[in-house]
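Chain residues, written in single-letter form:
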Amino acid sequence: MSNAMSRCLWRDIIIFDGLRTRPEPMAVITEGARIITLSPMSEFDEQWAKDCTEMGRGGVMTPGLVDCHTHLIFGGSRAEEFEARLEGASYEEIAKKGGGIISTVRATRAASEDELFRLAQPRLEALMAEGVTSVEIKSGYGLTLEDELKMLRVARRLGERFPIQVVTTLLGAHALPPEYQDQSDAYVDLVCQEMIPAAAAAGLADAVDVFCEKIAFSVEQCERIFKAAQQHGLPIKIHAEQLSNLGGTAMAARHGALSADHIEYLDDHGIAAMREANTVAVILPGAFHTLRETQQPPIEALRQAGVPMAIATDANPGSSPLFMPTLMLNLACTLFRMTPQEALAGMTAHGATALGLEGLGRLYEGAVANLCVWDVETPAELAYAVQPGRLRHRLFQGVITHGL
Ligand SMILES: N=CN[C@@H](CCC(=O)O)C(=O)O
Ligand SMILES: [Zn+2]
């Protein structure tokens, strides 16, 4: 890593600023943890280069990528489930037989904190190698008080050990653990009365998430969890309308949710509620692709309503074992006809909004210097080609962590 206090200068670079591509080549100077100059080349003053380390010319600069939905911490593998699905079993059928999420719960409970850390490290490094500078990591494979806290502690440790911002989310209501079979309300009590208070008191959770679906928790149960989260000052988000339309998104939006994620089955009522509440739509093309879903998320209706759309990897062992953020840009375009600019905004500015990190995921004078420089000629190329190795520089809080 370089000295964060020196000045770095990039010239003749195309800027995607988090929302749009700037119309002309720019010069960018960072000093310490901040961007201090972001100027069209036509206004460049050679004096600015004094005391700067020249970082090169050409290429594309984007904000550091924001992956706002991941399940990076888990034990075990679900390769067998992958094969079973190829032979025709559905995600829901596998879940109902105690496989799916619950099989990862068994492996995660059996793993120590150190082991989970060791397993998560290369997954996190894969995201960083693709330019991610902020990542959300959920619990949700513990489903006991201790195992959920164990996962959250691993997430915090990852954020302390690596040059990346880790935002943690308590997902105690991810699936009903087998020991609570036929007692889902009692399990929701555990989430509300023990997990949320303990995670909040220990400062381990930055938000609370739920999986609202027939194979998981009802709208009423999710609402109860949201009320408990808000009593502890924690923002909320929801996995909803992925496999069916239960109306969880509209309920979550009424409670001011940061985001509603998946949302393939979202209807107009849900979209109106999201627009009203400024809830971000988190689009997860990796899960859509892996589960061979057929119901498309309502991209055009969200676009017309002006609901911001984020894109994330949903990296997890079951529905999206895909640890490559730029692949998600490509899938969002090819599967959902999002534009490359929309996809990039989804993994920068809107991804940050989905995490409540306003101002991050953007490039402007004064912004935190979380940024990437890519060996491509236009921002659209990042979504067009699926090609590792294009990251020239990655800066996290002004420190060069890649491409010295
Ligand atoms: N939909 C629910 N949860 C995860 C899947 C987790 C798993 O299959 O292990 C998701 O976001 O896709
Ligand atoms: Zn998820």
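The residue count restarts for each chain, going from 1 along the sequence in the order it is written. Chain labels run from A onward and ligand labels from 1 onward, assigned in the order the entries are written. pLDDT decides what is reported in this predicted model: residues at 70 or higher carry local features, side-chain atom pairs at 80 or more are listed and counted, and totals for whole chains, interfaces and linings draw on all residues regardless. Excluding hydrogens and water, the side-chain figures rest on all heavy atoms present in the structure.

**Here we look at the packing of helix H5 (residues 145–161) against helix H6 (residues 184–201)**
So, point 1. Only the contacting stretch of a helix is used when fitting its axis, a line to C-alpha atoms as for every element, and angles between N-to-C directions run 0 to 180 degrees. Helical segments are the DSSP runs of H or I of at least four residues, strand segments are the runs of E of at least two, and each set is numbered from the N terminus. Direction vectors running N to C along H5 and H6 enclose 30 degrees, while the axes themselves pass 10 Å from each other. The orientation of H5 with respect to H6, classified from their angle, is roughly parallel. H6 is crossed by H5, and the crossing has right-handed handedness. For the pair H5 and H6, the contacting residues are Leu145, Glu148, Leu149 and Leu152 in the first and Glu194, Met195, Ala198 and Ala199 in the second.
So, point 2. Across the contact of H5 with H6, the residue classes tally to six nonpolar, no polar and two charged. When an angle is under 35 degrees it counts as roughly parallel; over 145 it counts as roughly antiparallel; between 65 and 115 it counts as roughly perpendicular; any other value is oblique. A clockwise turn of the near helix away from the far one marks a right-handed crossing, whereas an anticlockwise turn of less than a right angle marks a left-handed crossing. What makes two residues a contact is simply this: any of their non-hydrogen atoms within 4.5 Å. Each residue receives one of three labels: charged for Asp, Glu, Lys and Arg, nonpolar for Ala, Val, Leu, Ile, Met, Phe, Trp, Tyr, Cys and Pro, and polar for the others, Gly being one of them.

**A short note on the sheet that holds strand E10 (residues 236–240)**
So, point 1. A pair of strands is considered paired only if DSSP assigns at least 2 bridges between the two. Spatial strand order, E6-E7-E8-E9-E10-E11-E12-E13: eight strands in an open sheet with parallel pairing. One side of each edge strand has no neighbouring strand; the edge strands of this open sheet are strand E6 (65–67) and strand E13 (309–311). This sheet shows a mean twist of 25 degrees between the axes of neighbouring strands, independent of strand direction.
So, point 2. Two strands pair when backbone bridges link them, and strand E9 (residues 207–212) and E10 are joined in this way by five bridges, in the parallel orientation. Across the sheet, Asp209 pairs through a bridge with Lys237, a residue of E10.
So, point 3. H5 rests against strand E7 (132–138) and strand E8 (165–173) of the sheet, and its axis sits at about 170 degrees to E8.

**Side note on the coordination of the zinc ion (ligand 2)**
So, point 1. Coordination of the zinc ion (ligand 2) by the protein involves His69 (NE2), His71 (NE2) and His239 (NE2), with metal-donor separations of 2.0 to 2.1 Å.
So, point 2. Distances decide who is a donor: an N, O or S atom must be within 2.8 Å of the metal, or within 3.2 Å for Na, K and Ca. Water is not included, so sites may look incomplete. Square planar and octahedral sites, with four and six donors, are those where opposite donors lie more than 155 degrees apart and all other angles lie between 65 and 115, tetrahedral sites have four donors with every angle between 85 and 135 degrees, and the rest are irregular. Around the zinc ion (ligand 2) sit four donor atoms; with metal-centred angles ranging over 96 to 117 degrees, the donor geometry is tetrahedral.
So, point 3. Sequence positions of the donors to the zinc ion (ligand 2) reduce to the motif H-x1-H-x167-H. Residue His69 shares its accessibility class with His71, and that shared class is buried. Each residue is placed in one exposure class: buried if its accessible area under a 1.4 Å probe, protein chains only, is under 20% of its type's maximum, exposed if it is over 50%, and partly exposed if it falls in between.

**Let's talk about the packing of aromatic side chains**
So, point 1. In this scheme Phe, Tyr and Trp rings, the latter by its six-membered ring, pair at centre separations within 6.5 Å, and the angle between planes marks the pair as stacked below 30 degrees, edge-to-face above 60, and tilted otherwise. With the rule as written, the count across this model stands at six aromatic pairs.
So, point 2. Residues Phe74 and Tyr141 carry aromatic rings whose centres are separated by 6.5 Å and whose planes lie at 75 degrees to one another, so their mutual orientation is edge-to-face. Of the two residues, Phe74 sits in the loop between E6 and helix H1 (79–86) while Tyr141 sits in the loop between E7 and H5, which places them 67 residues apart along the sequence.
So, point 3. With a relative accessible area of 1%, Tyr141 lands in the buried category.
So, point 4. Here the aromatic cluster, defined as three or more aromatic residues joined through ring pairs, consists of Tyr180, Tyr187 and Phe217.
So, point 5. Directly above the ring of Phe74 sits Arg123, whose terminal nitrogen or CZ lies 3.5 Å from the centroid. By definition, being over a ring means that NZ of Lys or CZ of Arg is both within 6 Å of the ring centre and within 35 degrees of the ring normal.

**Things to note about the side chain of Glu342**
So, point 1. Within the element layout of this structure, Glu342 appears in helix H13 (residues 340–346).
So, point 2. Polar contact is the term for a pair of N or O atoms within 3.5 Å; when the atoms are in protein, one must be able to donate a hydrogen and the other to accept it, and sequence-neighboring residues count only if both atoms are side-chain atoms. Among the polar contacts made by the side chain of Glu342, one reaches the side chain of Arg303 at a distance of 2.7 Å.
So, point 3. With near-sequence residues (within four places) excluded, Glu342 lies in contact with Arg303 and Met309.

**A closer look at helix H9 (residues 268–277)**
So, point 1. Of all the positions in H9, only Gly270, Ile271, Ala273 and Met274 are classed as buried. Each buried residue of H9 lies within a common arc of 160 degrees when the element is viewed along its axis, so the set occupies one face. Exposed side of H9, more than 90 degrees from the buried face: Asp268, His269 and Glu276 are the residues found there.
So, point 2. Looking at the buried residues of H9, the elements they touch are helix H8 (248–254), strand E11 (259–262), strand E12 (280–283) and helix H11 (299–305).
So, point 3. Within two residues after H9, Asn278 carries a phi angle of roughly 55 degrees, on the positive side. The directions from the helix axis to the C-beta atoms form the arc being described.

**Considering the state of the cysteines**
So, point 1. Note on terminology: disulfide denotes any pair of cysteine sulfur atoms within 2.5 Å. For the coordinates displayed, the defined rule picks out zero disulfides.
So, point 2. A disulfide-free cysteine, Cys68 has its sulfur positioned 16 Å from the sulfur of Cys372, the nearest such atom.
So, point 3. Since its relative accessible area comes to 3%, Cys68 is described here as buried.
So, point 4. Here Cys372 is not disulfide-linked; the sulfur of Cys8 is the nearest cysteine sulfur, at 14 Å.

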